[in-house]
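Understanding the architecture of this molecule
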Amino acid sequence: HDKNEANTATKYLKNLKKILNLGVENGWIEENPFRNYKARYKDVERVYLTRIELALIEKKTFTLKRLQIVKDLFLFQCYTGLAYSDMAQLTVGHISRGIDGHKWIIIRRKKTDVRAAIPLLPNAEKLIKKYDNENNTSQSLLFPIYAIQKFNSYLHEIADICGINKNLTSHVGRRTFATTIALANGISLETISKILGHTNTKITSQ
């Protein structure tokens, strides 16, 4: 038991059904026991921050260093749409200048090993410069990183302090990028979909 959410378990069962169908087609098994199984996803509330709620975090200065770092990491997710695991492996070498003259994050996603190109918005670039130092090399990590469990726990503290009545997690940062930040900065739905690692824009627009 991996403590998966209902929709994650449903996705796994759909993939199992496809594999068993392949087994029937190739004569490895006589019948697919999941033949009549109909996968149904549960509707889930997709939490994200409004521009006003995001501004509450942006303007807040924390005296505790750990909260200030987690605030910056979360905001970077809001400005880039990066998953926490991808942000945690970002190095100086992942930042390059594109043919458009602007800076981009070029990275292979940890989960899928797919190449991603993400425009570096001004607010995201400011956060990178904040943690930059003269001893950095191309292999230097861009940010100090906490374990994901601590990160989400500290985000709950930040939400309480800022008066935001939402369950603040790493995923909220990605959704905030898609709903509040990207479209406001003229990034197309197709580009947002690619940045988030979605297979199509239908998933992004849900």
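Here the structure is shown first, and the text comes after it.
This write-up is about the structure you can find in this document. (Residues numbered from 1 in each chain as written. Predicted model: local features only at pLDDT ≥ 70, side-chain atom pairs only at ≥ 80, totals over all residues. Heavy atoms only, no water.)

**Points about helix H3 (residues 65–80)**
Because an α-helix completes one turn every 3.6 residues, residues spaced three or four positions apart along the sequence face the same direction. Helix length check: H3, at 16 residues, gives a terminal C-alpha distance of 23 Å against a target of 22 Å (1.5 Å per residue), a fit within 8%. Burial analysis of H3 places 14 of its 16 residues in the buried class, the great majority of the element. (Helix = DSSP H or I, 4+ residues; strand = E, 2+ residues; numbered from the N terminus. Expected span 1.5 Å × (residues − 1). Buried < 20%, exposed > 50% of the residue type's maximum accessible area, 1.4 Å probe, protein only.)

**Digging into the sheet that holds strand S3 (residues 115–119)**
The three strands are arranged S1-S2-S3 in an open sheet whose pairing can be described as antiparallel. Each edge of the open sheet carries a strand with a single partner, namely strand S1 (95–97) and S3. Going across the sheet, the axis of each strand differs from the next one's by a mean of 35°, ignoring polarity. (Pairing = 2+ DSSP bridges. Axes fitted to C-alpha atoms, helices over the stretch in contact; angles between N-to-C directions.)

**Details of the nonpolar core**
Judged by nonpolar contacts, the single largest core of 42 residues is most densely connected at Ile-57, Phe-74, Phe-76 and Phe-143. Contributing elements (two or more residues each) for this core: helix H2 (51–59), H3, helix H4 (84–88), strand S2 (103–108), S3, helix H5 (122–130), helix H6 (148–162) and helix H7 (170–181). A per-element tally of this core places H3 first, with nine residues. The residues contacting Ile-57, other than those within four sequence positions of it, are Leu-49, Lys-71, Phe-74, Leu-75, Ile-158, Cys-162, Ile-164 and Leu-168. (Core = buried A, V, L, I, M, F, W, Y, C linked by side-chain atoms within 4.5 Å. Contact = heavy atoms within 4.5 Å.)

**Observations regarding the packing of aromatic side chains**
Here the structure, examined in full by the defined rule, presents five aromatic pairs. Taking 5.9 Å as the distance between ring centres and 85° as the angle between the ring planes, the aromatic pair formed by Phe-34 and Tyr-37 counts as edge-to-face. Judged by its relative accessible area of 24%, Phe-34 is partly exposed. Members of the aromatic cluster, joined through ring pairs, are Phe-76, Tyr-131 and Phe-143. If you follow Arg-66 out to its NZ or CZ, it ends over the ring of Tyr-154, 4.5 Å from the centre. Over the aromatic face of Tyr-48 sits the side chain of Lys-166, whose NZ or CZ is 5.7 Å from the ring centroid. (Phe/Tyr/Trp six-rings, centres within 6.5 Å; stacked < 30°, edge-to-face > 60°. Lys NZ or Arg CZ within 6 Å of the ring centre and 35° of its normal.)

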